[in-house]
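So the chains spell out like this:
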Number of protein chains: 2
Amino acid sequence: MSIWYTEKHTPHSGITIEVKKALYHAESPFQSIDVLDTYEFGKVLLLDGLVMLTERDEFVYHEMLAHVPLLTHPRPRNVLVVGGGDGGTVREVLKHATVEAVTLVEIDRMVVETSLEYLPEISAGLGDSRVSIVYEDGVKYLDQAADGTFDAILVDSTDPVGAAEALFSADFFRSCRRALTAQGVFASQTESPFYHMAFMKEVSRRLSGIFGVSRFYFAPVTTYPSGNWSFVLGQMDPGAEPRLGDGASLASRYYTPEIHTACFARPRFLVEALQE
Amino acid sequence: MSIWYTEKHTPHSGITIEVKKALYHAESPFQSIDVLDTYEFGKVLLLDGLVMLTERDEFVYHEMLAHVPLLTHPRPRNVLVVGGGDGGTVREVLKHATVEAVTLVEIDRMVVETSLEYLPEISAGLGDSRVSIVYEDGVKYLDQAADGTFDAILVDSTDPVGAAEALFSADFFRSCRRALTAQGVFASQTESPFYHMAFMKEVSRRLSGIFGVSRFYFAPVTTYPSGNWSFVLGQMDPGAEPRLGDGASLASRYYTPEIHTACFARPRFLVEALQE
């Protein structure tokens with residue numbers, strides 16, 4: 001018997017992965033949570049039936065969401081991660097020796113618990129003494145956060161539908177700006193340039209004028225729609241230069257200083273779409 | 001009724017695409033040829049059941065296989081394309097005003113005929129007066145080519161199995177070097193860094209010492225395994241700098257001069273694997 005999980009990335013196309021064993025299923029108050037064991041990608045975490053991460057390719061996404069912004073800040077000490085209850089982004093943040101405190105704001109306690117039980121290599125950092133976990137809606141948390149609190153805010157959200165939609169609103173972006181220090185940096189995942197151009201244009205429009213400068217960057221994530229993923233970096237200080245020297249010594253599997261510089265290169269179709 | 005085409009990229013994973021209509025099927029002397037019409041990717045050309053191109057994402061692959069090498073030559077006039085009977089690479093080569101002659105060496109006449117009939121936007125350049133088509137095995141053709149004939153040789157091959165395997169041999173690379181002019185450039189597709197690292201290492205080993213310098217580069221191609229594809233650029237003149245200014249005025253949808261510079265950035269896992 002052969003069992004295949006298929007995720008439709010559009011109504012007419014998708015990825016299909018052979019399943020070794022379904023390890024876990026639960027309905028949390030917020031979403032369905034599944035962990036599959038697969039032959040090709042190791043363990044796979046699904047939320048509402050969509051791939052959040054796989055053991056095989058999660059490093060690309062988590063490294064790029066953490067290292068590009070953190071190395072664009074001169075000395076990040078206090079970091080907020082919104083979403084990302086699996087712990088992958090926190091694990092990467094903790095590789096930065098300057099970081100003294102990481103707050104993870106995750107709406108769904110069961111995502112954290114599932115990751116701690118089934119994905120120890122991804123969630124390992126959640127037990128670090130520098131990490132605090134707050135189980136709350138990210139939008140509410142940022143609404144109430146004190147001004148100038150965080151050196152970096154990293155938004156590790158699900159797709160921009162349902163509860164996660166508010167994490168891409170202009171109001172939320174303004175809350176993040178308010179909660180950042182003077183040299184603060186912001187980053188968020190922003191879907192696939194191949195499939196979600198209209199969304200990226202809208203995010204670009206909403207970010208206009210919020211930070212000193214904001215720019216998309218890109219990385220290949222095999223199991224995400226189209227295999228090429230986008231992020232946005234917002235920096236309060238538009239002139240801040242990345243600390244590429246520090247990037248060279250990071251323990252990484254995807255990130256390098258050369259990648260850091262290169263990842264901002266935009267396809268012409270995106271350059272033109274953003275100009276329209 | 002809903003019909004889905006699935007290509008396994010590994011024994012345990014793949015891509016799945018809903019089919020509007022199967023337009024064409026034939027068995028040529030070399031391979032099976034299919035054209036599917038699909039909702040998401042437009043027309044799809046399959047050889048031996050594997051996606052060679054789709055109308056929706058072929059531009060990325062063809063632009064990168066043509067423009068990166070051609071802009072690394074000071075004045076490419078005489079260009080050889082090996083494989084690529086669909087015409088997509090030739091179409092991109094013809095965008096370079098310096099190009100006076102393009103020879104397409106394709107083993108399978110039926111691929112050209114299928115593309116001319118079903119993929120007019122991809123094969124359009126094949127009727128250009130600068131283009132000659134030779135129906136022959138690429139390896140044999142290069143064996144017999146006169147020394148110092150071509151300014152650029154672009155290898156637009158299928159996966160390195162069966163007949164295409166010889167297009168990745170050290171002997172073939174040496175034939176290409178011999179057939180190139182003093183400032184000649186070589187490029188070939190080299191599979192996915194995510195899935196085919198062992199193959200890339202072997203190609204890297206075989207290329208060592210053949211050209212003045214050879215380097216991998218990368219581009220996102222949604223329907224190819226992992227969604228991230230690699231190419232190799234070999235240049236006879238190791239100091240040749242790309243003509244980025246000329247690249248800026250090319251009619252492209254993916255390529256930009258910024259992409260040209262950025263596309264050589266290698267993931268750390270690849271840097272380390274190639275050092276082993």
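As shown above, the structure is provided for reference.
Not measured: the values here are computed from a predicted model.

Reading the values: the criteria
- Residues numbered from 1 in each chain as written.
- Chains lettered and ligands numbered in written order.
- Predicted model: local features only at pLDDT ≥ 70, side-chain atom pairs only at ≥ 80, totals over all residues.
- Heavy atoms only, no water.
- Salt bridge = Lys/Arg side-chain N within 4 Å of Asp/Glu carboxyl O.
- Contact = heavy atoms within 4.5 Å.
- Buried area = accessible area lost by both parts, 1.4 Å probe.
- Polar contact = N/O pair within 3.5 Å; in protein donor to acceptor, adjacent residues only side chain to side chain.
- Helix = DSSP H or I, 4+ residues; strand = E, 2+ residues; numbered from the N terminus.
- Pairing = 2+ DSSP bridges.
- Expected span 1.5 Å × (residues − 1).
- Bend = angle between axes of the 7 residues up to and from the residue.
- Buried < 20%, exposed > 50% of the residue type's maximum accessible area, 1.4 Å probe, protein only.
- Least-squares fit on C-alpha atoms with pLDDT ≥ 70 in both.
- Core = buried A, V, L, I, M, F, W, Y, C linked by side-chain atoms within 4.5 Å.
- Axes fitted to C-alpha atoms, helices over the stretch in contact; angles between N-to-C directions.

**Details of the pattern of salt bridges**
- Here the structure, examined in full by the defined rule, presents 22 salt bridges over all chains.
- A cluster of three or more residues bridged by salt bridges with shared partners is formed by E58, R91, E92 and K95 of chain A.

**Describing the interface of chain B and chain A**
- Across the boundary between the two partners, chain B contributes 42 residues, which contact 42 residues of chain A.
- Between chain B and chain A lies a buried interface of about 3300 Å² when both sides are counted; carbon and sulfur atoms form 59% of it.
- Per-residue buried area on chain B facing chain A is highest for H12, F194 and R268 of chain B; these three make up 22% of the total on that side.
- Our enumeration of links across chain B and chain A arrives at zero salt bridges.
- Applying the counting criterion to the chain B and chain A interface returns 20 residue pairs in polar contact (both at pLDDT 80 or more).
- Elements with a minimum of two residues in the side of chain B that touches chain A: β1 (3-10), β2 (13-27), α8 (244-248), α9 (257-262) and α10 (268-275) of chain B.
- By residue number, the principal contributor to the side of chain B that touches chain A is β2 of chain B, which donates six residues.
- Two elements, strand β2 (residues 13-27) of chain A and β2 of chain B, share five bridges in a ladder whose sense is antiparallel.

**A closer look at unusual backbone geometry**
Residue and element names in this part refer to chain B.
- The backbone phi angle of D48 is positive, close to 45°, even though this residue is not glycine.
- Examined against the element boundaries, D48 turns out to sit in the loop between β4 (42-47) and β5 (50-54).
- With a phi angle near 80°, S226 is a residue other than glycine that sits in the positive phi range.
- The topology assignment puts S226 in the loop between β11 (213-220) and β12 (228-235).

**Things to note about helix α1 (residues 58-70) of chain B**
Residue and element names in this part refer to chain B.
- When the terminal C-alpha atoms of α1 are compared, their 18 Å separation across 13 residues agrees well with the 18 Å that a helix rising 1.5 Å per residue should span.
- At M64, α1 shows its maximal kink, close to 25°.
- Of all the 13 residues making up α1, 13 are buried; the element is thus mostly covered by neighbouring parts of the structure.

**A few points about the relation of the copies chain B and chain A**
- Overlay of chain B on chain A (RMSD 0.0 Å): rotation 180°, translation along the axis 0.0 Å. Viewed as a symmetry operation, the transformation between the two copies matches a two-fold axis.
- The fraction of interface residues of chain B whose copies in chain A are also interface residues reaches 100%, indicating that both copies meet through the same surface.

**Remarks on the nonpolar core**
- Counting 78 residues, the largest nonpolar core has M64, V93 and Y217 of chain A together with M64, V93 and Y217 of chain B as its most contacted members.
- Those residues in contact with M64 of chain A that lie beyond four places of it in its chain are P69, Y217, F218, A219, F231, Y254, Y255, I259 and C263 of chain A.
- The next biggest cluster of nonpolar side chains, apart from the first, holds 30 residues, and it includes I153, A164, F186 and F218 of chain B.

**Here we look at the sheet that holds strand β6 (residues 78-83) of chain B**
Residues and elements named next belong to chain B.
- Overall, mixed pairing links the seven strands, which are arranged β8-β7-β6-β9-β10-β12-β11 in an open sheet. In this open sheet, the two edge strands, each paired with only one partner strand, are β8 (131-135) and β11. The average undirected angle you get between the axes of adjacent strands in this sheet is 15°.
- Along the sheet, helix α7 (residues 197-207) makes contact with β11 and β12, crossing β11 at roughly 150°.

**Notes on the sheet that holds strand β11 (residues 213-220) of chain A**
All names here are of chain A.
- The sheet built from seven strands is open, its strands ordered β8-β7-β6-β9-β10-β12-β11 with mixed pairing. In this open sheet, the two strands that pair with only one neighbour each are β8 (131-135) and β11. Neighbouring strand axes in the sheet, compared pairwise and without regard to direction, differ in orientation by 15° on average.
- The pairing of strand β10 (residues 180-189) with strand β12 (residues 228-235) spans five bridges and is antiparallel. Along β12, the bridge assignment pairs V185 with Q235.
- Its contacts with the sheet place helix α6 (residues 170-179) against β6 (78-83), β9 (150-156) and β10, and it is angled at close to 145° to β10.

**Quick notes on the environment of E7 of chain A**
Residues and elements named next belong to chain A.
- Residue placement: E7 occurs in strand β1 (residues 3-10).
- The class for E7 is buried, based on a relative accessible area of 6%.
- Sequence spacing of E7 and R205 is 198 residues, and the spatial spacing of their C-alpha atoms is 30 Å.
- Only 2.8 Å separates the side chain of E7 from the backbone nitrogen of V51, close enough to count as a polar contact.

Coordinates in, geometry out; function isn't part of it.
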